[in-house]
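What the coordinates show
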Amino acid sequence: MPITAYCKKCAMDVAPGERCPHCGGKLAKSAVRVAWCAEHHPVSDWISWNAAMRILLPLAGMVFLLVLLLEAMAGGFQAVDDLLRGGLLFALLGLLIIVAAVLLLAFILQGEDLQDCVVDGRGIHIQQYLPQPTALKLLLRLKSPSLMQQYDPAEGILLISQKELLWKDITRVQLWPEKTLILFYAPAWWMRLALPCTPFTYEDCFTFIQEKLGKKKDVALPAELLLPPQPKPEKPKAKKEPEQTQQLSFADIPAPEPAAEPEKEGDFVSLEDVLKEIQENEKQE
């Protein structure tokens with residue numbers, strides 16, 4: 001199933017867009033999602049075995065260490081050596097084999113269930129439904145038989161669990177392409193949710209994971225989910241402004257130097273004096 005949008009008015013998935021093609025209602029951007037239903041068989045599911053063994057194996061280890069500690073306190077190192085030589089390890093191994101056989105029988109009797117999976121803008125959501133439920137199936141799944149009161153025979157299925165993991169809480173993602181499975185961890189050392197995809201939704205889930213987690217540096221992602229680094233936009237070079245001529249004010253203009261005074265000319269001699277001087281010269285001759 002491709003990426004769709006959920007119309008609340010029609011209560012169904014429609015093609016993404018601004019309006020619902022059926023009722024004409026407005027579709028919010030947060031309504032875009034990938035939704036599908038997958039069959040789940042616990043007996044062949046590695047996740048079911050892993051969830052049980054993550055509890056049983058540490059518990060068996062703690063019991064083994066506690067027995068050795070009590071034996072050491074009671075009889076010392078020799079008593080511990082005698083206990084190990086006496087077949088304690090083989091007894092513990094046999095006990096684990098019996099527990100594994102019991103788990104196998106329990107997974108077979110649980111029967112298959114349906115997982116309604118949704119990946120949207122908030123996170124990953126999985127609702128688990130049990131077809132044709134019985135009290136025995138509920139007990140084997142560690143559920144209370146009182147859930148049978150909510151069972152509607154007309155529907156034929158019973159909601160037995162809901163899981164939700166928000167994008168902000170995820171710290172690591174691991175891919176299992178052979179089984180179209182995506183594992184989500186929160187924190188990084190604890191698997192919180194396993195998303196069973198189909199061949200038609202596996203790639204579509206990548207779109208949401210890349211969009212929500214691809215740029216986060218604090219989330220461990222496989223290389224397939226990392227967004228390629230985007231080149232930084234080049235900053236436009238600043239244009240050099242033309243040099244502006246300096247405008248001078250009247251105060252900046254230097255005052256002109258005073259002009260040199262003209263040389264003083266000799267005293268003016270009138271025509272009358274010239275004539276008198278000529279007459280005097282003639283008389284003296």
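See above for the structure.
Figured I'd write up the structure that's included with this text. What you see is a predicted model; the values in this text were computed from it and never measured.

**Concerning the overall build of the protein**
Along the protein, the regular secondary structure elements total five helices and nine strands. Mapped from its N terminus to its C terminus, the protein presents α and β elements in the order β-β-β-α-α-β-β-α-β-β-β-β-α-α. Sorting the 285 residues of the protein into buried and exposed places 30% on the buried side. Here the contacts in the protein between residues at least 6 apart in sequence split such that 53% fall between residues at least 24 apart. Accessible surface for the protein amounts to roughly 21200 Å². Of this, 60% is attributable to carbon and sulfur atoms.

**Notes on the sheet that holds strand E4 (residues 113-120)**
The strand order across the open sheet built from six strands is E2-E1-E3-E4-E5-E6, with neighbouring strands paired in antiparallel fashion. Two strands bound the open sheet, and with one partner strand each, they are strand E2 (12-14) and strand E6 (157-166). The average undirected angle you get between the axes of adjacent strands in this sheet is 35°. On top of the sheet, helix H4 (residues 202-213) reaches strand E3 (32-40) and E4; it is set at about 135° to E3, its chief contact.

**Looking at a nonpolar patch on the surface**
A contiguous nonpolar patch, built from Leu66, Leu69, Leu70 and Met73 and spanning about 450 Å² of accessible area, is present on the exposed surface. In this structure, Leu66 sits in helix H1 (residues 46-85).

**A few points about the nonpolar core**
The nonpolar side chains of a soluble globular protein tend to be buried, and buried together. Within the largest apolar cluster, 27 residues are counted, with the highest numbers of intra-cluster contacts made by Trp36, Ile124, Trp167, Ile182, Phe184 and Leu195. If you list the elements that add at least two residues to this core, you get E3, E4, strand E5 (123-131), strand E7 (172-176), strand E8 (181-185), strand E9 (191-196) and H4. The element contributing the most residues to this core is H4, with six residues. Excluding anything up to four places from it in sequence, Leu195 contacts Trp36, Cys117, Val119, Ile124, Ile126, Thr180, Leu181, Ile182, Phe184 and Cys205.

**Some points on the pairing of E4**
Two faces belong to every sheet, and in a regular strand the side chains alternate between them. Counted residue by residue, E4 has six buried out of eight residues, so it is predominantly covered. Two elements, E4 and E5, share six bridges in a ladder whose sense is antiparallel. Bridging across to E5, Val118 finds its partner in His125. Connecting E4 to the next strand, E5, in antiparallel fashion are two residues.

**Some details on the sheet that holds E9**
Strand pairing in a sheet relies on backbone hydrogen bonds, with the paired strands running either antiparallel or parallel. The antiparallel open sheet is built from three strands, whose spatial order is E7-E8-E9. The strands lining the two open edges of the sheet, one partner per strand, are E7 and E9. Sheet twist, expressed as the mean angle between neighbouring strand axes with direction ignored, is 20°. Here E8 pairs with E9 via five bridges, running antiparallel. Counterpart to Leu183 in the pairing with E9 is Ala194. H1 contacts E7, E8 and E9 of the sheet and is inclined by roughly 165° relative to E9.

**Looking at the packing of H1 against helix H2 (residues 88-110)**
Axis separation between H1 and H2 bottoms out at 11 Å; the angle between their running directions is 160°. Judged by the inter-axis angle, H1 sits roughly antiparallel to H2. When you trace H1 past H2, the crossing you get is right-handed. Contact with H1, carried on its side by Ser48, Trp49, Ala52, Met53, Leu56, Leu57, Ala60, Phe64, Val67, Leu68, Leu83 and Leu84, involves Leu88, Leu89, Leu92, Leu96, Val99, Ala100, Leu103, Leu104 and Phe107 of H2 and no other residues of that element. In the contact of H1 with H2, the residues fall into 20 nonpolar, one polar and no charged.

**Topic: the environment of Ser30**
Within the element layout of this structure, Ser30 appears in the loop between E2 and E3. Spatially, the C-alpha atoms of Ser30 and Gly121 are 5.9 Å apart, while their sequence positions differ by 91 residues.

**Let's talk about unusual backbone geometry**
Ala186 connects to Pro187 through a cis peptide bond whose omega is 0°. Along the polypeptide, Pro187 turns up in the loop between E8 and E9. Positive phi values are uncommon outside glycine, yet Leu142 reaches one of about 60°. Summarising the element assignment, Leu142 is placed in the loop between helix H3 (135-140) and E6. Among the residues examined, Leu142 registers a relative accessible area of 79% and is labelled exposed. Notably, Thr180 is not glycine yet its phi reads approximately 45°, a positive angle. By the element assignment, Thr180 lies in the loop between E7 and E8.

Definitions and limits used
- Numbering of residues begins from 1 in every chain and follows the order in which that chain's sequence is written.
- Reporting of local features is limited, given that this is a predicted model, to residues whose pLDDT is at least 70; pairs of side-chain atoms are given and counted only at 80 or more, and all residues count toward the totals for whole chains, interfaces and linings.
- The side-chain numbers reported here are obtained from all heavy atoms of the structure, hydrogens and water having been left aside.
- Helical segments are the DSSP runs of H or I of at least four residues, strand segments are the runs of E of at least two, and each set is numbered from the N terminus.
- Summary of the burial criterion: residues with accessible area below 20% of their type's maximum are buried, those above 50% are exposed, and those between are partly exposed, where the area comes from a 1.4 Å probe applied to protein chains only.
- Contacts between residues were defined by any pair of non-hydrogen atoms, one from each residue, lying within 4.5 Å.
- For every accessible area listed, the method is Shrake-Rupley and the probe measures 1.4 Å; residues are considered covered only by the protein chains on display.
- For two strands to be treated as a pair, DSSP must find no fewer than two bridges joining them.
- Throughout, an axis means a line fitted to C-alpha atoms (over the contacting stretch in the case of helices), and angles, computed between N-to-C directions, take values from 0 to 180 degrees.
- Patch membership requires over 30% relative accessible area and the absence of a salt bridge. Like charges are linked within 9 Å, and nonpolar side chains (Val, Leu, Ile, Met, Phe, Trp, Tyr) within 5 Å.
- For salt bridges, the criterion is a side-chain nitrogen of Lys or Arg within 4 Å of an Asp or Glu carboxyl oxygen.
- Only buried residues count toward a nonpolar core. Its members are Ala, Val, Leu, Ile, Met, Phe, Trp, Tyr and Cys residues joined through side-chain atoms within 4.5 Å.
- When an angle is under 35 degrees it counts as roughly parallel; over 145 it counts as roughly antiparallel; between 65 and 115 it counts as roughly perpendicular; any other value is oblique.
- In this scheme the crossing of two helices becomes right-handed for a clockwise turn of the near helix relative to the far one and left-handed for an anticlockwise turn of less than a right angle.
- Any residue outside Ala, Val, Leu, Ile, Met, Phe, Trp, Tyr, Cys, Pro, Asp, Glu, Lys and Arg is labelled polar, Gly included; the first ten of those are nonpolar and the last four are charged.

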